[in-house]
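Analysis of the macromolecular model
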Amino acid sequence: MTTSSAVPRADDADSDRLRALLERAAEGRDSQAWSDLWTELYHNGSLDVTRPLVLHALTDMAEDDHADTAVSALLLAGSLLVQADQRYETRNLRDRHATDVARLLSAANRWRQVTADRNEYCHLLEAVLNLEGGIDWAQDLFGGVVGEEYELECPDPDGCASLWVIIGERGFFSVAEDYALSDDVETFPLHPADPRALEGLGRRLYDLALADGHEEVACALTYAFGEATCPECERRFSVIGQVVASSS
Ligand SMILES: [Zn+2]
């Protein structure tokens, strides 16, 4: 008789760790469990996202009554699906779990209509886009709205300059990269999109935010889908165009 049966296989150990993390996350108020799930499933892939348990558990949490847990589950599930689309260059994970994905998407659309919190709302719009799976830069788009700034490159083909686009309490302007180091640095006002002229995704997100009672998010989106000026060469460019360019 060998002792090998007494030694837990790595696979079983991973399964147990994954199950334990998901259970802790589902119980709520355990930010470390969420942080560990992001690290292991998304950032370093040490746990396998293709295990059915992952999306099943996140779907159950998204349909739970607790907004915190539901929003966290929706955000992680959406990001994992987009990452899997990119990593495997197929939509296998999405297709294999189509029932869970449909339930997640309807949960995200339910929650977005009831949340009053600005940032939670942004995360829900991001989750909706990620669960729909049409674009892979929703995280970058809403990261800038939540963080009230985008760090972008000038679209000049020679790589003119890195710059900040500031959207929020500090104002609405673009500025050279090192503005935080100096008091008297030149800023350039942003040019928001005219809401009546918005098209496509910008139109859809703006209308959703207004319909859901989030005027401030709708306003921020007109800047994200508007134009900024490069502080170096003073060229005007599309903010969302550079968000998309920097995410790929
Ligand atoms: Zn430039």
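Residues numbered from 1 in each chain as written. Predicted model: local features only at pLDDT ≥ 70, side-chain atom pairs only at ≥ 80, totals over all residues.

Below, the discussion takes up the overall build of the chain. For the chain, the count of helices and strands is 11 helices and six strands. Across the 248 residues of the chain, 36% fall into the buried class. Of the contacts formed within the chain by residues at least 6 apart in sequence, a portion of 55% connects residues at least 24 apart. (Helix = DSSP H or I, 4+ residues; strand = E, 2+ residues; numbered from the N terminus. Buried ≥ 20, exposed ≤ 12 C-beta atoms within 10 Å, placed from the backbone. Contact = placed C-beta atoms within 7 Å.)

Relative to each other, helix H8 (residues 138–147) and helix H10 (residues 215–224) sit at 120 degrees, their axes nearing to 10 Å. With respect to each other, H8 and H10 are oriented oblique. You can see that H8 and H10 cross each other, and the crossing is right-handed. For the pair H8 and H10, the contacting residues are Leu141, Gly144 and Val145 in the first and Val217, Ala220 and Ala224 in the second. (Axes fitted to C-alpha atoms, helices over the stretch in contact; angles between N-to-C directions. Parallel < 35°, antiparallel > 145°, perpendicular 65-115°, else oblique. Left-handed = near helix turned anticlockwise from the far one by under 90°.)

A word on the nonpolar core. Nonpolar side chains in soluble globular proteins generally cluster together in the buried interior. Of all hydrophobic cores here, the largest spans 70 residues; its most connected members are Leu74, Ala77, Ala108, Val165 and Ala224. When residues in this core are grouped by element, the largest group, 11 residues, is from helix H4 (residues 67–88). Inspection of this core shows a minimum of three residues originating in each of domain 1 (4–135) and domain 2 (144–247). Contact partners of Ala224, with chain neighbours within four places excluded, come to Leu141, Gly144, Val145, Ile167, Val239 and Ile240. (Core = buried A, V, L, I, M, F, W, Y, C linked by C-beta atoms within 7 Å. Domains from an automatic or database assignment.)

Our focus in this paragraph is the sheet that holds strand S3 (residues 171–176). To summarise the sheet geometry, strands pair through backbone hydrogen bonds and adopt either a parallel or an antiparallel arrangement. With antiparallel pairing, four strands are arranged side by side in an open sheet as S1-S2-S3-S4. At either margin of the open sheet sits one strand with a lone partner, and together these are strand S1 (149–153) and strand S4 (187–189). Across this sheet, the average inter-strand angle for adjacent strands is 25 degrees, counted without regard to direction. In terms of strand pairing, strand S2 (residues 162–168) meets S3 through six bridges, oriented antiparallel. (Pairing = 2+ DSSP bridges.)

Another point: the pairing of S2. With five of its seven residues buried, S2 lies for the most part within the structure. Alignment of S1 against S2, held across five bridges, turns out to be antiparallel. In the strand pairing of S2, Glu151 is matched with Trp164. Connecting the antiparallel pair S2 and S3 is a turn made up of two residues.

Attention now goes to H10. Among all positions in H10, only Val217, Ala220, Leu221, Thr222, Tyr223 and Ala224 are buried. Elements that come into contact with the buried residues of H10 comprise helix H7 (118–132), H8, S2, S3, helix H9 (200–211) and helix H11 (239–247).

The subject of this paragraph is the domain arrangement of the chain. Often, the extent of an interface is quoted as the loss of accessible area upon association of its parts. Split by domain assignment, the chain resolves into domain 1 (4–135) and domain 2 (144–247). Top element by residues in the side of domain 1 that touches domain 2 is H7. It accounts for five residues.

You will see that Glu148, though not glycine, has its phi angle at about 60 degrees, which is positive. In this structure, Glu148 sits in the loop between H8 and S1. Assessed through the 15 C-beta atoms surrounding it within 10 Å, Glu148 is described here as partly exposed. In this structure, Glu234 takes a positive phi of about 60 degrees despite not being glycine. With respect to the helices and strands, the residue Glu234 is situated in the loop between strand S5 (227–229) and strand S6 (236–238). Note on Glu234: 9 C-beta atoms within 10 Å, which makes it exposed.

Another point: the environment of Cys160. Its location among the elements puts Cys160 in the loop between S1 and S2. You can call Cys160 partly exposed: it has 15 C-beta atoms within 10 Å.

Next up on the list: the environment of Asn92. As for its position among the elements, Asn92 is in helix H5 (residues 92–96). Take Asn92: there are 12 C-beta atoms within 10 Å of it, and that puts it in the exposed class.

The topology assignment puts Asp156 in the loop between S1 and S2. A C-alpha to C-alpha distance of 9.2 Å links Asp156 and Cys230, two positions 74 residues apart in sequence. Setting aside chain neighbours within four positions, we find Asp156 in contact with Cys233 and Arg235.

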